[in-house]
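Listed below, chain by chain, are the residues.
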Amino acid sequence: MSNANPIYFKFTQKLVIIGFGSIAQSVLPLIFRHIQIEPQQITIITVNNQGLNVAQEYGINFQLETLTAQNYQAVLSPLLSQGDFVLNLSVSVSSLDLIKLCRQQGALYLDTCIEPWEGGYTDAELDPSLRSNYALRERVMEIKHHNSGGPTAVITHGANPGLVSYFLKAALLNIAKDNGEVVSEPLSQSGWAKLSEQLHIKAIHIAEYDSQTSTIPKSSDEFVNTWSVDGFISEGLQPAELGWGTHERHWPADGHQHTFGSKSAIYLSCPGAAVRVRTWAPISGSFHGFLITHGETISIADYYTIQENGKVHYRPTVHYAYHPCQDAVLSINELAGHEWQPQKSKRLLMQEITDGADELGVLLMGNTKGAYWYGSILSITEARKLAPHNNATSLQVSASVLAGMLWALEHPDEGLVEPEDIDHTFILNIARPYLGEVAGYYTDWTPINDREKLFSEKLDRTDPWQFINIRV
């Protein structure tokens, strides 16, 4: 093995991979490249034959099984013992129940988002507040609140949520340095929150623009995407959510507060895929992104909260602003036109991608030097050179999954952990070789730039960093 592909850990236990869609297939070569493990130590449990050829390429046991609330314990318990690892990359399998089972069996755990059982995102009988990522997070966080320590369970550790939380910490340190401020790297939640307040950060966008294009155009009644179609539809149909900052002065007409938990986020009475927000990225410039709910918008807002005398003194507004590839945009528009009933066919873009890149970063706003975007710009050309079975989007996720797994293996008794709790330098050092250009860019862009030229919008220009949405 060359120095370009270092082995970080020798793993002698069993690895169970649940779900084998685009992300599971894309992370597999990275696991074999950087973790010393044999194929016979790995079992894949998935609902269909998607990716079977990849599993056979590596000689891995491939088990067709639909996990449900009724059978998951019977299926998984015989496979898990002390020190084993569950990598949950599935859709519609309860993260909460898997984490509880792993704790019982003494197994480590990692997922890329908090999932409910089938139907949990769209159950019309549930109040929208209970179908939110906020509610899913609060249920899982009860484990952390009541049980410190135990087998490490790293939750929401993909590209976003996950990688972007580390970009944020690096960005804060860069802004402080660029302002000539001498600061030591914070060692606690309160330290990071105080640094964010000190730098006058009011709003944080997870700003992503996917420009990957394909030789095969989208067909009618087809949903096309560069990562999980089912995953994108599921999160797109959840209520639009965002961390709600203390600087905000205008309450959204359809905004609602939760009646439980940390109160760090709010939700709107509509699907996230029905709302767009203005944002910016270095190559694409200004664009409109979908306000898709993601766990990081809640965990970041919660982590960067400062309370004084029992009241919230400081919190930034945090939300995702996502422009997927153009065929996915068309797919979302068609989905909305069908009143959110999914298309009959689905297609994942991989080998047919011909050009483009994924710009994924955090856009920090409020500092006197201007807005600052920090993140990964990864082209499809470079992604293909770096690892097989990947496109630019999947590799950003896979690099973070690998880094999160390695952190858990080296810290096996930390209990339930979010990305904000983990050393950002550790993760970025492992992920960076797979992220293309990782850099920061300042801009004088604001959400009110070039506005009111065609129509009067009655904008409040005293603070450009307030939340402004566009309903589809």
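Everything that follows concerns the structure shown earlier in this document.
Residues numbered from 1 in each chain as written. Predicted model: local features only at pLDDT ≥ 70, side-chain atom pairs only at ≥ 80, totals over all residues. Heavy atoms only, no water.

> Where do I start with empty space enclosed by the protein in this structure?
Summary: where empty space remains is shown by rolling a probe the size of a single water molecule over the atoms. According to the stated counting rule, one finds three cavities of 30 Å³ or more in the structure shown. One number sums up the size of the largest cavity: a volume of about 90 Å³. In this structure, the largest cavity is lined by 14 residues; those nearest its centre are His205, His319, Gln466, Phe467 and Ile468. Around the second largest cavity sit Cys113, Ile114, Asn133, Arg137, Thr156 and Gly295, which together line it. (1 Å grid on protein atoms, 1.4 Å probe; cavity = no way out; pocket = protein on both sides within 12 Å on 5 of 7 lines; lining within 4 Å. Points joined across faces, edges and corners; volume = space filled by probe spheres on them.)

> What's the story with unusual backbone geometry in this structure? I'm lost.
For residues that are not glycine, phi is negative in most cases, and the peptide bond is trans in most cases. With an omega dihedral of 0 degrees, the bond running from asparagine 160 to proline 161 counts as a cis peptide bond. For proline 161, the location among the structural elements is in the loop between strand E8 (153-154) and helix H6 (163-178). Even without being a glycine, serine 92 presents a positive backbone phi close to 65 degrees. Turning to its location among the elements, serine 92 is positioned in the loop between strand E6 (85-88) and helix H4 (95-105). At aspartate 450, a position not held by glycine, the phi torsion is positive, near 60 degrees. (Helix = DSSP H or I, 4+ residues; strand = E, 2+ residues; numbered from the N terminus.)

> Just checking my understanding: could you explain the side chain of serine 92 for this structure?
In this structure serine 92 comes out as buried when scored by relative accessible area, which is 17%. Looking at serine 92, its side chain comes within polar contact range of the side chain of glutamate 118, at 3.0 Å. If we skip the residues at most four places from it in the chain, serine 92 touches Glu115, Pro116, Trp117 and Glu118. (Buried < 20%, exposed > 50% of the residue type's maximum accessible area, 1.4 Å probe, protein only. Polar contact = N/O pair within 3.5 Å; in protein donor to acceptor, adjacent residues only side chain to side chain. Contact = heavy atoms within 4.5 Å.)

> Just to check I follow, could you spell out the layout of surface pockets for this structure?
Within this model, the second largest pocket holds a volume of roughly 300 Å³. Forming the boundary of the second largest pocket are 16 residues, of which His250, Gln466, Phe467, Ile468 and Asn469 lie nearest the centre. For the lining of the second largest pocket, the residue count by class is eight nonpolar, three polar and five charged. (Nonpolar A, V, L, I, M, F, W, Y, C, P; charged D, E, K, R; others polar.)

> Which parts of the structure should I look at to understand the packing of aromatic side chains?
The description of an aromatic ring pair rests on the distance of the ring centres and on the angle between the ring planes. One pass over the structure, following the stated rule, counts 16 aromatic pairs. Arranged with centres 5.3 Å apart and planes meeting at 70 degrees, the rings of tyrosine 303 and tyrosine 304 form a pair that is edge-to-face. Judged by relative accessible area, tyrosine 303 falls into the buried class, the value being 11%. Its relative accessible area of 1% is what places tyrosine 304 among the buried residues. Following the ring pairs from residue to residue traces out a cluster consisting of Phe223, Trp227, Phe232, Tyr320 and Tyr322. One cation-aromatic arrangement involves lysine 369 over tyrosine 442; the distance from NZ or CZ to the ring centre is 5.3 Å. (Phe/Tyr/Trp six-rings, centres within 6.5 Å; stacked < 30°, edge-to-face > 60°. Lys NZ or Arg CZ within 6 Å of the ring centre and 35° of its normal.)

> Explain the packing of helix H1 (residues 22-34) against helix H12 (residues 392-410) to me, please; I cannot follow it from the model alone.
When two helices pack together, their arrangement is given by the angle between their axes and by how far apart the axes lie. Relative orientation of the contacting elements H1 and H12 amounts to 50 degrees, with a least axis distance of 9 Å. In terms of orientation, H1 and H12 fall into the oblique class. Crossing geometry of H1 relative to H12 is assigned as right-handed. Residue-level contacts link Ile23, Ser26, Val27, Leu30, Ile31 and His34 of H1 to Ser394, Leu395, Val397, Ser398, Ala399, Val401, Leu402, Met405 and Leu406 of H12. The class makeup of the residues in the contact of H1 with H12 is eleven nonpolar, four polar and no charged. (Axes fitted to C-alpha atoms, helices over the stretch in contact; angles between N-to-C directions. Parallel < 35°, antiparallel > 145°, perpendicular 65-115°, else oblique. Left-handed = near helix turned anticlockwise from the far one by under 90°.)

> How do you make sense of H4 when you look at a structure like this?
Owing to its 3.6 residues per turn, the α-helix aligns residues three or four sequence positions apart on the same side. Every buried residue of H4 is listed here: Ser95, Leu96, Asp97, Leu98, Ile99, Leu101 and Cys102. With a side-chain oxygen positioned 3.4 Å from the backbone nitrogen of leucine 96, the residue opening H4 is serine 94. Trailing H4 by a residue or two, glycine 106 shows a phi angle of about 80 degrees, which is positive.

> Where do I start with the nonpolar core in this structure?
Taken as a class, soluble globular proteins show a tendency for nonpolar side chains to be buried jointly. Counting residues in hydrophobic clusters, the biggest one holds 105 residues, and the most contacted among them are Leu15, Leu87 and Val362. Sorting elements by how many residues they give to this core places H12 first, with twelve residues. Filtering out sequence-adjacent residues up to four positions away, valine 362 remains in contact with Val164, Phe167, Leu168, Ala171, Ile204, His205, Ile206, Tyr372, Trp373 and Tyr374. By size, the runner-up hydrophobic cluster in this structure holds 27 residues, among which are Ile45, Leu67, Leu80 and Val86. (Core = buried A, V, L, I, M, F, W, Y, C linked by side-chain atoms within 4.5 Å.)

> Would you take a moment to explain the pattern of salt bridges for this structure?
Where charged atoms of side chains with opposite charge meet at close range, the side chains can pair. Inspection of every chain in the model, using the stated rule, returns 13 salt bridges. Glutamate 352 is the salt-bridge partner of arginine 347, the closest N and O atoms lying 3.4 Å from each other. Pair check on accessibility: arginine 347 and glutamate 352 agree, each one buried. Residue glutamate 452 pairs with arginine 461 through a salt bridge whose shortest N-O separation is 3.1 Å. One salt-bridge network, in which partners are shared between bridges, spans Arg137, Asp302 and Glu418. (Salt bridge = Lys/Arg side-chain N within 4 Å of Asp/Glu carboxyl O.)

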